[in-house]
Amino acid sequence: MLEHSRLHDGGLSGVQCSSRLDTISVVQHWLMKSEPDVYGFATLWNAPQRIGGWEGVRNYQARNYMMQMRVGDGVLFYHSACKVPGVAGIASVVREAYPDTVQFDPDSAYFDPKSPPSQPRWMQVDIQAVQPLRLVTLEMLRADPLLTGLLTLRRGNRLSVTPVLAAHYQRILELGEQAVSG
DNA sequence: GCCAACGTTGGC
DNA sequence: GCCAACGTTGGC
C-alpha cells in the first residue's frame, strides 16, 4: 500500500513539515460535476466494478486538481445542468492521473488536436462508486450554514473539479444519509 | 502582454 | 432559452 505526502494547495503552505510527514497519508476530498443526462451517478454505479474513467476534462485548473488526487480520496459526485442539481452519491479515486484516453481520438467529441501523444495535455483519473445518496440538492447545500465556503456554491463557479474540506464532505454525507433514514 | 471577441458552463 | 460568469483565443 502506497503512502503519500501531499498538501492541498488550499492554504496549507505555511504548515510546518516534520521529517515524518512523508509517511503520513492524508485523505483528500473532491467534488466532481457531471451532467446526469450524459453520465450520472447511476451510470458509474452500473459500470463494471462500478469504476469509470473521468475523461473529457478540458480545463487546466480542473486538470491540475485531478493531478493532485490520490488513491482513496473521497469524491462527491455532483449532478449539474439538470432539473435538480445536487450531490447524488460518493465515489473514491481508484487510479491516479494518467493521460486522457480520448484526447487523441479524432472521432471523439473530446479530441484535442493541440495535444500531441508525445506530450499529452489532458489527464484523467478513474473513480469507483461507493454509495448512492439521497440527492443532496443545491438548495440544501446553499441553505446549510455548515457548508459556507464550499467552492461549488460560489457565484459563477463553473469548475468541474474542486477540492472540498473534510468537514464539508462529512456534512454532505450526513445530509445524504439523513435523508435516507428520515 | 493587453483586451475584445467568442465559446462554454450551469443555475434559473 | 436566457444570461452571468469565466476561460480561451488571437490580433495587435
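Above: the structure in question.
Reading the values: the criteria
- Residues numbered from 1 in each chain as written.
- Chains lettered and ligands numbered in written order.
- Predicted model: local features only at pLDDT ≥ 70, side-chain atom pairs only at ≥ 80, totals over all residues.
- Heavy atoms only, no water.
- Near = heavy atom within 4 Å.
- Polar contact = N/O pair within 3.5 Å; in protein donor to acceptor, adjacent residues only side chain to side chain.
- Nonpolar A, V, L, I, M, F, W, Y, C, P; charged D, E, K, R; others polar.
- Pairing = 2+ DSSP bridges.
- Helix = DSSP H or I, 4+ residues; strand = E, 2+ residues; numbered from the N terminus.
- Axes fitted to C-alpha atoms, helices over the stretch in contact; angles between N-to-C directions.

Trainee: Give me the lowdown on the protein's contact with DNA strand C, citing residues and values where you can.
Mentor: Lining the immediate surroundings of DNA strand C are Asn59, Tyr60, Gln61, Lys114, Arg155, Gly156 and Arg158. Expressed as a percentage, the sugar and phosphate content of the atoms of DNA strand C within 4 Å of the protein is 75%. At 2.4 Å from a base oxygen of DNA strand C is found a side-chain nitrogen or oxygen belonging to Arg158. Considered class by class, the residues forming the surface near DNA strand C number one nonpolar, three polar and three charged.

Trainee: Quick rundown of the sheet that holds strand E1 (residues 29-34)? Include the residues and the values.
Mentor: One open sheet accounts for six strands, arranged E2-E5-E4-E3-E1-E6; its pairing is mixed. Single-partner strands in this sheet number two, and they are strand E2 (51-53) and strand E6 (161-163). Strand after strand, the sheet turns through a mean of 35° between neighbouring axes, direction not considered. One ladder, built from 10 bridges, connects strand E4 (residues 86-99) with strand E5 (residues 123-137); its direction is antiparallel. Bridging across to E5, Val87 finds its partner in Val136.

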